[in-house]
Each structure stands twice: as C-alpha cells, then as structure tokens.
Amino acid sequence: MNVRIAIAGAVRACAMLAIAATMTACATRTPLLPDNYAGPTAVLKDSADMLSMSKADMYYAANINAVDVDNVRFATRRASEGRGALMLLQKVERRIPATPVKVEIVARTAYAMPIMAMTGTVYQVKGKVEFTPERDKSYVVRGKLGPSYSAVWIEEEAGGTMVGEKIEVNGSAELGFLDK
Amino acid sequence: MKTFLLLCASMCALLLGGCTTYPTAAYPDSAIARVSASDLPRREAPLKLKMEVQWLRNGHAPETSAPRLEIAFPGPDPLVLRNSLEAAFRQTGFIVISEDDAAGTVKVTLNDVSDIAEAINQGVLLGEKWGDGYVTNKEELTMSLAINVGNKSANSPTVRGAFYSVLAKSRLPDDPRFQSIKSVQEDLFQQLVIRCLLSLNKDGSLQRLQAP
C-alpha cells in the first residue's frame, strides 16, 4: 500500500516537473516598451556582413535597459532552422525610448549550422554603451571582427556619427570551443 | 510491362523535374541618367590597353572556395566578365583592350554591393510559395578605373549603377521592359565605363594620358 502511494507521489511530482519544464518554452519576452507607451522614441537597428551564404558577422543589441531583446542573431537562427547550410539573414530593428539608455551590444560571427561554429572560427566582442537617443532618429549597431582587432559600436544611421563609446579588443577576440 | 514502363516514365519525370530552368529577365534601373559614348572626346585611334579585372563583394575579395560545409557566394565567370568588359570598352571607341601592342594597363574594379541576404530570403519565400510566382531583385554595382600609360596614371572616381533581375517559377509576367539578363548587364557595364571615362575627361586626366 505504502509502495503504491510512494509511486503515485513520484509520478505526480514528475508530471508537475515535466509540465513546469514544458511551459517554460511558453514564457514570453518582456517587451522593451509597453504597448501603450506614448513617449518619444527612436529606432535601433542591428546590422550584419554576410561573408558567405552560410556565415555572417553580426552586430546587434542583446539587452536594452536590462531587458533582453530579440536581435538579428536569434531572428536569423529561427529563419535558418531546417535549411542546412543556407543562412537566411534577417533585418531586425526595434523602437527604443528617446531617453538615456544602456545597451549591451555584441559583435559575433554566426554560422548557419552549429556544427560549422564548432569547427570554424567565432569572434565575439561585447560591452555596454550608454547614450541618449534623439527622438525619431535611427541608430545602427556596427562592428568589425578580425584576427587582430575587433570592435562594436552604435552610430547614427544618417550621418554615421558614433554615439556612446566604442567597445574594442586589440588582439584576437576568438572564442574558445566551450564559449561558442 | 505497361505498368513497368509507366513507373519508369514517372520516375524520369520526377527526377528530371530538378533539371528545369527558371525563366529570368532583367531591366535597367531608370533612376540613373543614361550617358553616351559620343560625349567622350574623339581620338584618331583608340588607346590600346591591357586589362586587369578585380571583382569584389561589398568591398571584399570573395573567397574562391568556402571552408568545408559552407556555401560560397556565387560569383561571375571570369572569362564571361572579361569578355563583357572588353566589349564595353570597345563600344566607347576610346579604349580597346589588347594584350599584344598595349600602351599601358587599365585596372577595372567592380564591387557588387547588392543586398544578397534579401535576394536569398526572396528566393526561399518564392520556393515555399504554393503555385506560380516571381521575385524581383535589385543588383547594384560600383566601378572604378585605374589607367596607367607609361609613367602617367589616372584614377576615376567610383561610379554606381544598378539593374533589376526577375526570376519566375514557371512564367514571367508580361512587361515590355524585360530583356535578357546578359544584355542588361552588358549595357550596365558600358554605362559605367563611359561614366568613369567622362569623369576622367572632366578633370583633365584623359588629356594628360594622351599627351606625348
């Protein structure tokens, strides 16, 4: 009798854990701006350089004001799933408040398939940049990745003027196997 | 026996389906003003030059062979590109490409600045769409010339041009602007060459090259 109760309890616990684990996939991303936000906004765009049809250097915002945001890396990964070595590079932009913002920006080599990243070279440089966007202006995350120098920064789309500071790595910014 | 033949025919139809070619066409970008070779200064005999061609994609020399598993960017056939550029120079009447009795060299730098990511996305969407359809892509190029004759040299500014290419699944829409991609591309090369030479003429570089 006790054994049966113990087994039933274990099954119930497992079921609850499984439900909890499954439902985490349904968690929604916290919006950067509430739907009813009426304050001044600007636009922040991600950018990328396609190096082949399977590989790109991506420059994107990962986090704005402590809120994780969708970006070119995740959007491209979703679009490229199930397409083998073909990368479908996506264009991503988002509205940001035209008030002082703290943005975590990343420059990273991305591949169409994880196996390519494992066997290939992945450079990454990231850091936080603070700036105050001007109302209705467009900004772009730009960068450069290479064996001896890597950098990522934000600039005005129209004039190319850099805002905030430039995150730079002099020397190799290559990621180790376990960091990819 | 009939069933076997039918099966073979069905298999052939399925396999050969992959060999069908997609109809393509192109038309020039009307936003860019056309120029004419008659605007160039007259020469008794065209300047004979050797030609070097450099093909870039977004300012970088494309990798000729992508690493294992990766798909390399498609690039132009070097011989076809060379022939098209030779024809473009010949039609200006100002320069002819000659390997034998050349007075100097002309280096042509062509940079493909098209949005290839957008083209790939459009192609995939078309392939996944049910039924017939077509996609239009803007193909943009920049060109610059570096001419060396003896100890004199002239470098043209970079000029930009574009055309639109159309690819359909089975049938192209009716459009009077449509021509073959080859002819539109050759026309663009010629326009770019003339615009480069006109810029060199405007700043006096062509006259300096011709001076004894």
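Predicted, not measured: the structure shown is a model, and the values here were computed from it. Along each chain, numbering runs from 1 in the same order as the chain's sequence is written. Throughout, the order in which chains and ligands are written sets their labels, letters from A for the former and numbers from 1 for the latter. This being a predicted model, a pLDDT of at least 70 is required before a residue's local features are given, and a value of 80 or more before pairs of side-chain atoms are given or counted; all residues contribute to the totals for chains, interfaces and linings.

## Points about the overall build of chain B
Part 1: Helices and strands together make up the secondary structure of chain B, namely five helices and seven strands.
Part 2: Starting at the N terminus and walking to the C terminus, you meet the elements of chain B as α-β-β-α-β-β-α-β-β-β-α-α.
Part 3: Only C-alpha atoms enter the radius of gyration, while the globule expectation follows 2.2 Å times N to the 0.38, with N the number of residues. Rg of the C-alpha trace for chain B: 22 Å, well past the compact-globule value of 17 Å for 212 residues, more than 25% over.
Part 4: Judged by the C-alpha coordinates and their principal axes, chain B covers about 80 × 40 × 30 Å.
Part 5: Buried positions account for 18% of the 212 residues belonging to chain B.
Part 6: Pairs at least 24 apart in sequence give 81% of the contacts found in chain B among residues at least 6 apart. Elements are defined by DSSP. Helices are runs of H or I of four residues or more, strands are runs of E of two residues or more, and each kind is numbered from the N terminus. Buried means a residue has 20 or more other C-beta atoms within 10 Å of its own C-beta, exposed means 12 or fewer, and partly exposed covers the counts in between; C-beta atoms are placed from the backbone. It is the C-beta atoms, placed from the backbone, that decide contacts: two residues are in contact if theirs lie within 7 Å.

## Digging into the overall build of chain A
Part 1: Looking only at helices and strands, one finds three helices and 10 strands in chain A.
Part 2: What you see for chain A is a C-alpha radius of gyration of 21 Å, clearly larger than the 16 Å of a compact globule of 180 residues, by over 25%.
Part 3: Referenced to the eigenvectors of the C-alpha coordinate spread, the extents of chain A come out at roughly 75 × 45 × 30 Å.
Part 4: Classification of the 180 residues of chain A by burial places 29% in the buried group.
Part 5: Of the contacts formed within chain A by residues at least 6 apart in sequence, a portion of 63% connects residues at least 24 apart.

## Details of the pairing of strand 10 (residues 162–170) of chain A
Residues and elements named next belong to chain A.
Part 1: Any two strands with at least two DSSP-identified bridges between them are counted as paired. Of the strand pairs in this sheet, strand 9 (residues 149–156) and strand 10 are connected by six bridges, and their pairing is antiparallel. The residue bridging Tyr149 from the neighbouring strand is Asn170, located in strand 10.
Part 2: Once strand 9 ends, the chain turns through five residues before running back antiparallel as strand 10, passing Gly160 with a positive phi of about 80 degrees.

## What to know about unusual backbone geometry
All names here are of chain A.
Part 1: Of note in the backbone geometry, Ala66 takes a positive phi value of approximately 70 degrees without being a glycine.
Part 2: Inspection of the secondary structure assignment puts Ala66 in the loop between strand 3 (55–64) and strand 4 (67–68).
Part 3: When the 8 C-beta atoms within 10 Å are taken as the criterion, Ala66 is described as exposed.
Part 4: Despite not being glycine, Asp136 shows a phi value in the positive range, around 65 degrees.
Part 5: Within the secondary structure, Asp136 is located in the loop between strand 7 (124–131) and strand 8 (138–144).
Part 6: Classification of Asp136 as exposed rests on a count of 10 C-beta atoms within 10 Å.

## A look at the sheet that holds strand 10 of chain A
Residue and element names in this part refer to chain A.
Part 1: Strand order in the open sheet formed by five strands is 5-1-8-9-10, and the pairing between neighbours is mixed. Both edges of this open sheet fall to strand 5 (93–97) and strand 10, since each of them pairs with a single strand only. Ignoring which end each strand starts from, the neighbouring axes of this sheet average 20 degrees apart.
Part 2: With five bridges joining them, strand 1 (residues 41–45) and strand 5 adopt antiparallel strand pairing. If you follow Lys45 over to strand 5, its bridge partner there is Glu93. Here an axis means a line fitted to C-alpha atoms, over the contact stretch when the element is a helix, while the angle between two N-to-C directions is reported on a 0 to 180 degree scale.

## Regarding the packing of helix 2 (residues 78–92) of chain B against helix 4 (residues 181–202) of chain B
All names here are of chain B.
Part 1: Close contact between helix 2 and helix 4 brings their axes to 9 Å; oriented N to C, the two are set at 50 degrees. With respect to helix 4, the element helix 2 is oriented oblique. Crossing handedness for the pair helix 2 and helix 4: right-handed. Of the residues in helix 4, those touching helix 2 at Ser84, Leu85, Ala87, Ala88, Phe89, Gln91 and Thr92 are Gln185, Glu186, Phe189, Gln190, Val193, Ile194 and Leu197.
Part 2: Grouping the amino acids of the contact of helix 2 with helix 4 by side-chain chemistry returns eight nonpolar, five polar and one charged. Reported orientations rely on four angle classes, namely roughly parallel under 35 degrees, roughly antiparallel over 145, roughly perpendicular from 65 to 115, and oblique for the rest. By definition, turning the near helix anticlockwise from the far helix through less than a right angle yields a left-handed crossing, and turning it clockwise yields a right-handed one. Three classes are used: nonpolar for Ala, Val, Leu, Ile, Met, Phe, Trp, Tyr, Cys and Pro, charged for Asp, Glu, Lys and Arg, and polar for all others, with Gly counted as polar.

## Things to note about the confidence of the model for chain B
Part 1: Averaged over chain B, the pLDDT score is 89; the fraction of residues at 70 or greater is 96%.
Part 2: This prediction of the complex comes with two scores: 0.80 for pTM and 0.74 for ipTM. pLDDT expresses, on a scale from 0 to 100, how confident the predictor is about each individual residue.

## Examining the nonpolar core
Part 1: Here, a nonpolar core means buried Ala, Val, Leu, Ile, Met, Phe, Trp, Tyr and Cys residues linked by C-beta atoms lying within 7 Å of one another. With 37 residues, the main nonpolar core has Ile105 and Val152 of chain A as its most contacted residues.
Part 2: Those elements giving two or more residues to this core turn out to be strand 2 (47–52), strand 3, strand 6 (101–111), strand 7, strand 8, strand 9 and strand 10 of chain A.
Part 3: Looking at this core, the element that brings in the most residues is strand 6 of chain A, giving seven residues.
Part 4: Among residues more than four places away in sequence, those in contact with Val152 of chain A are Tyr59, Ile105, Val106, Ala107, Val125, Lys126, Val141, Gly143 and Ile167 of chain A.
Part 5: Counting residues in hydrophobic clusters, the runner-up holds 29 residues, among them Phe94, Phe163, Leu192 and Val193 of chain B.

## Quick word on the interface of chain A and chain B
Part 1: With 14 residues of chain A in contact, the opposing surface of chain B contributes 14 residues.
Part 2: Elements supplying a minimum of two residues to the side of chain A that touches chain B: strand 2 and helix 3 (114–119) of chain A.
Part 3: When residues of the side of chain A that touches chain B are assigned to their parent elements, the largest contribution, three residues, is made by strand 2 of chain A.
Part 4: By residue class, the composition of the side of chain A that touches chain B is nine nonpolar, three polar and two charged.

## Comments concerning helix 2 of chain B
Residues and elements named next belong to chain B.
Part 1: Between its first and last C-alpha, helix 2 extends 21 Å over 15 residues, near the 21 Å set by a 1.5 Å rise per residue.
Part 2: Along helix 2, the positions that sit buried rather than exposed are Leu85, Ala88, Phe89 and Thr92. Down the axis of helix 2, the smallest arc covering the buried residues is 95 degrees, so these residues share one side. Turned more than 90 degrees from where helix 2 packs its buried face, Leu79 and Val80 sit exposed.
Part 3: Turning to helix 2, the residues buried within the fold contact strand 2 (47–57), strand 3 (95–97), strand 4 (104–112) and helix 4. What a helix is expected to span follows from its residue count: subtract one and scale by 1.5 Å. It is the directions from the helix axis to the C-beta atoms that the arc portrays.

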